[in-house]
Amino acid sequence: MTAVVNVESCSGCGECVQVCPLDAITMQNDKASVDPEVCGDCGACVDACPTQSISIS
Ligand code: SF4
Ligand code: SF4
């Protein structure tokens with residue numbers, strides 16, 4: 001299980017980067033990108049995303 005970003009709907013706001021406690025998310029070409037090796041599946045980014053662009057799967 002890891003957080004997955006839908007780049008089609010990601011607005012590039014960076015909220016998820018701010019809330020991730022493990023610094024697993026970086027911005028790549030103005031879209032959020034999750035490092036699955038670092039993500040701890042906590043769900044904080046899912047709750048923080050204003051465009052519902054992150055899911056855990
Ligand atoms: S699920 Fe948690 S650890 Fe994983 S990217 Fe989102 S905020 Fe970071
Ligand atoms: S919070 Fe959502 S819309 Fe904002 S950068 Fe992260 S994935 Fe994209």
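Residues numbered from 1 in each chain as written. Chains lettered and ligands numbered in written order. Predicted model: local features only at pLDDT ≥ 70, side-chain atom pairs only at ≥ 80, totals over all residues. Heavy atoms only, no water.

Visitor: Quick one: what's the story with the overall build of the protein chain, residue by residue and with numbers?
Guide: Each helix and strand counted, the protein chain has two helices and four strands in total. Reading the secondary structure of the protein chain in the N-to-C direction produces β-α-β-β-α-β. On the principal axes, the C-alpha backbone points of the protein chain span a range of 25 × 20 × 15 Å. Per-residue burial for the protein chain yields a buried fraction of 30% across its 57 residues. (Helix = DSSP H or I, 4+ residues; strand = E, 2+ residues; numbered from the N terminus. Buried < 20%, exposed > 50% of the residue type's maximum accessible area, 1.4 Å probe, protein only.)

Visitor: Lay out the environment of Ala48 in plain terms, naming residues and giving numbers.
Guide: Mapped onto the secondary structure, Ala48 falls in helix α2 (residues 44–48). Look at Ala48 and you get partly exposed, because its relative accessible area is 23%. As for Ala48 and Gln18, which are separated by 30 residues in sequence, their C-alpha atoms are 9.2 Å apart. Apart from residues no more than four positions distant in its own chain, Ala48 is found in contact with Glu15 and Val19. (Contact = heavy atoms within 4.5 Å.)

Visitor: Got a sec to walk through the site of ligand 1? Specific residues and values, please.
Guide: The full set close to ligand 1 counts 15 residues, and Cys20, Cys39, Cys42, Gly43 and Cys45 are the nearest of them. The residue inventory of the shell around ligand 1, partitioned by class, reads 12 nonpolar, two polar and one charged. (Near = heavy atom within 4 Å. Nonpolar A, V, L, I, M, F, W, Y, C, P; charged D, E, K, R; others polar.)

Visitor: Pulling in residues and values, what's your account of the site of ligand 2?
Guide: Lining the immediate environment of ligand 2, one finds Cys10, Ser11, Gly12, Cys13, Gly14, Glu15, Cys16, Ala32, Cys49, Pro50, Thr51 and Ile54. Classifying every residue of the shell around ligand 2 by side-chain character gives seven nonpolar, four polar and one charged.

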